[in-house]
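# Observations on the model geometry
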Amino acid sequence: MKKAQPPSGIDPIIIKDHHEIDYLHSYAQDSPFFAGLSQGRLLGTECKGCGIRYATPRRHCMECGKETAWFDLPLAGRVHTWTTCYLEEPFHLVLVEFRGVDTLFLSRLVGAGEGEVKVGMRVRAQFLKKPKFRATDVYFVPEG
Amino acid sequence: MRDVYLVAGGVTRFARAQPRMDFRTMVKEAYDLAMGDVPELKPKDIGMTVCSYFSDHFTRQLMAGAMVQDYLGLCPKPSRRVEGGGATGGLAIHSAYEAVASGRADVCLACGFETMSRVSTRKGNEIIALASDTNFDYPLGGFYTAYYAMMAVRRMHEFGTTADQMALVSVKNHGNAVHNPFAQAPARLTVEDVRASGLIAWPLTRLDCSLMSDGAAVAILCDRETTFSITDHPVLVKGVGAGTDTMRMADRPRGRVIPLPHERAGDYRGLRYPGVHSCRADRMAAKAAYAQAGIRDPREELDFAELYDAYTSAEIQAYEDLGLCRYGEGGSFVEEGRSALGGDLPVNPSGGLLGCGHPIGATGLMQAVFALWQLQGKMKEHLGSRRLQVRGARRGLVHSHGGTGTYSTVTVLERAG
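Everything numeric here is computed off the predicted structure, so don't read it as measured data.

Parameters and conventions
- The residue count restarts for each chain, going from 1 along the sequence in the order it is written.
- Note on labels: chains are lettered from A, ligands numbered from 1, in written order.
- Since the coordinates come from a predicted model, pLDDT governs what is reported: local features require at least 70, and pairs of side-chain atoms require 80 or more to be given and counted, while whole-chain, interface and lining totals use all residues.
- The basis for every side-chain value is the complete set of heavy atoms in the structure, and neither hydrogens nor water enter the calculation.
- Here a helix means four or more residues in a row that DSSP labels H or I, a strand means two or more in a row labelled E, and each is numbered from the N terminus.
- Our radius of gyration looks at C-alpha atoms and nothing else; its globule reference is 2.2 Å times the residue count to the power 0.38.
- Only protein chains enter the accessibility calculation, which uses a 1.4 Å probe; a residue whose area is less than 20% of its type maximum is buried, one above 50% is exposed, and one in between is partly exposed.
- Throughout, a contact is declared for two residues whenever any of their heavy atoms are within 4.5 Å.
- Exposure was quantified through the Shrake-Rupley algorithm and a 1.4 Å probe, taking into account, for residues, occlusion by the shown protein chains and nothing else.
- Counting rule for charge: Lys and Arg are taken as positive, Asp and Glu as negative, and neither His nor the chain ends is counted.
- The location of each charge is read from NZ of Lys, CZ of Arg, CG of Asp or CD of Glu.
- Pairing between strands is defined by DSSP: at least two bridges between them are needed.
- The term buried area means the drop in 1.4 Å probe accessible area that two parts suffer when joined, counted for both and summed.
- Think of a salt bridge as a Lys or Arg side-chain nitrogen and an Asp or Glu carboxyl oxygen that are within 4 Å of each other.
- Nitrogen and oxygen atoms within 3.5 Å of one another constitute a polar contact, given that in protein one can donate a hydrogen and the other can accept it, and given that sequence-neighbouring residues count only through two side-chain atoms.
- Polarity classes work like this: nonpolar for Ala, Val, Leu, Ile, Met, Phe, Trp, Tyr, Cys and Pro, charged for Asp, Glu, Lys and Arg, and polar for all others, with Gly in that last group.
- Residues enter a nonpolar core if they are buried and are Ala, Val, Leu, Ile, Met, Phe, Trp, Tyr or Cys, with the set joined through side-chain atoms within 4.5 Å.
- Patches were defined on residues exceeding 30% relative accessible area and lacking a salt bridge, with like-charge contacts within 9 Å and nonpolar side-chain contacts (Val, Leu, Ile, Met, Phe, Trp, Tyr) within 5 Å.

## Concerning the overall build of chain B
Within chain B one finds 16 helices and 13 strands. In terms of C-alpha radius of gyration, chain B reaches 20 Å, essentially the compact-globule figure of 22 Å for 417 residues. The principal-axis extents of the C-alpha atoms in chain B amount to approximately 55 × 45 × 40 Å. The buried share among the 417 residues of chain B stands at 65%. Once local pairs closer than 6 in sequence are excluded, the contacts in chain B between residues at least 24 apart make up 77%. Accessible surface computed for chain B: about 14000 Å², of which carbon and sulfur atoms make up 49%. With 46 positive and 45 negative side-chain charges, chain B shows a separation of 1 Å between the mean positions of the two kinds.

Spelled out as structure tokens, the structure:
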């Protein structure tokens, strides 16, 4: 009797599989920063040991390992670098530098047209009226 | 430590999707190609395996490295996975190197893959961006092209690198890939084509960016005794180096350049380094690899390099961080044709990531395989054409990085037979 042959040469069978997870994402040691945003404050951290000031907070100093202290960043800074993203609606991302602060802060820049963003441009922080406790609760606008 | 040799490699053709092969069969195809090159070597000789893939989100199969091991028939020997973003394949080579150098294994297989076609390009970008700080960076609509674009903009400001110079990298690498049958994106392009291909994140256009790919690659590393009993074309792993930098670009210091042996500390007075224009991890990796390889001046002592060009701007940045030219001269380095095939120091003669595709976990291994074939003088044998063979190549370099230059690996390879 002739044996049944396994099927060969057929197209691969592709199914769709859904995967969804809700993460309980704790900001943990960074939580004061996000609480600050809801009060219109931009909080960085500074090391009392070696004097480094971090615009994006780090709870422990990268140089000496000591625990850092919170401080209020100035709300005005300058664009260190930028890009305009063309996903759906174009939007600008900027790394902001602050006078007297050693590191930078990543944010969105609102209120500037395409081709209007420049390195060195003065920008000022604005806050969402209804905070969502996300890094997007703060954004920057051109100064003046 | 023992000397370690790269004896054979294999790679699948990279493609947007390979639905006829899953990750195991892709690795098997690359493995068979490598083993076919050294028929004296038998699977029983392989002491351990390092498996390289980037994202569980792409694979949707945890412990996929273990499944590769069993599919290749290499159980019950040891196997492990390594991961480090775009540097994953480079780290796998280093891990395999360490296994052989330490004497733990005489023969170590490094194999890698990525199956990026399992999700849409948009979801793929999201998954890749999870390799950025999820508190501060990812939620901003962050996707990796934007991060590299910000580095490129600062480099333009600091050094005067131009968008046209970046586009020349795309023209070169896609053009080299025309002669590479394993490549996903061969194309004869002009600078105008690249600039007109649609902005993704200014100044980077679609053709400034590498593609999502399915693919696999493997490399086989051996001790001296095994090597000389199985191949007449051994390639010595002459130096390995790795480095790191902060995950958040915002955190990077603005300090002083770390000089390479052919540079002096005073060469770059006033340049605040690395900032976001350069990559300190690459510098560290190169410094260590050159020290081990005894390289005093990489400009004179390398015949070609396979560099990490996921973005055109990243290749220009790597020229400088690896000391192939001075800081600030990366743009003119490509403009003057010095990194072209036939130039002083051909970069990405294989087509690189831009030309070949970028299945993340396979990429660093793919670069090593093409470098191996260059040094063995076997480009024609494997690619069917001599066009990409760098004549008389004796020493080459392979470089990869992950994150925004967060993890970096450099490997110097040298013909030993």
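## Description of the pairing of strand S1 (residues 43–46) of chain A
Consecutive side chains of a regular strand alternate in pointing toward one face of the sheet and then the other. All names here are of chain A. Residues Leu43 and Thr45 point to one face of S1 and Gly44 and Glu46 to the other, with burial holding for every one of them. As defined by bridge partners, S1 adjoins strand S3 (residues 69–72) across four bridges and the pair is classed as antiparallel. Its bridge partner lying in S3, Gly44 is registered against Phe71. Strand direction decides the pairing type here: S1 and strand S2 (residues 53–54), joined by two bridges, are antiparallel. Residue pairing across strands places Glu46 opposite Arg53, the latter belonging to S2.

## Overview of the interface of chain B and chain A
Counting residues at the interface gives 30 residues for chain B, matched by 40 residues for chain A. Taking both partners together, chain B and chain A bury about 3200 Å²; carbon and sulfur atoms supply 61% of that area. Taken together, the connections running from chain B to chain A amount to five salt bridges. With its nearest N and O atoms 3.4 Å apart, the salt bridge here joins Arg60(B) to Asp17(A). Counting every contact that joins chain B to chain A gives 16 residue pairs in polar contact (both at pLDDT 80 or more). Among the secondary structure elements, those contributing two or more residues to the side of chain B that touches chain A are helix H6 (144–159) and strand S5 (199–201) of chain B. In terms of residue count, the dominant contributor to the side of chain B that touches chain A is H6(B) (seven residues). Split by residue class, the side of chain B that touches chain A holds 17 nonpolar, five polar and eight charged.

## Some words on unusual backbone geometry
In this model, Cys75(B) is joined to Pro76(B) through a cis peptide bond whose omega is 10 degrees. Looking at the secondary structure, you find Pro76(B) in the loop between helix H3 (64–71) and strand S3 (79–82). In this chain, Tyr273(B) is followed by Pro274(B) through a cis amide linkage whose omega measures -5 degrees. Looking at where Pro274(B) falls in the secondary structure, it is placed in strand S10 (residues 273–274). In this model, Ala28(A) sits at a positive phi of 45 degrees, which is unusual for a non-glycine residue. Here Ala28(A) shows up in the segment before helix H1 (31–38). Assessed through its relative accessible area of 42%, Ala28(A) is described here as partly exposed. Within the chain, Arg60(B) stands out as a residue other than glycine whose phi angle is a positive 50 degrees. Among the structural elements, Arg60(B) can be located in the loop between helix H2 (56–59) and H3. Accessibility expressed as a relative area gives 44% for Arg60(B), which makes it partly exposed.

## Overview of the nonpolar core
Residues and elements named next belong to chain B. One finds Tyr290, Leu307, Tyr319, Leu324 and Leu397 to be the most contacted residues of the largest nonpolar core, which totals 63 residues. The element that contributes the greatest number of residues to this core is H6, accounting for nine residues. Those residues in contact with Leu397 that sit more than four places away from it in its chain are Tyr290, Leu302, Phe304, Ala305, Glu306, Leu307, Leu322, Val410, Thr411 and Val412. Judged by nonpolar contacts, the second largest core, of 45 residues, contains Val4, Ile93, Cys356 and Ala371.

## Description of a negative patch on the surface
Taken together, the side chains of Asp164(B), Glu192(B), Asp193(B) and Glu335(B) present a region of like negative charge at the surface. One can find Glu335(B) in helix H13 (residues 330–335).

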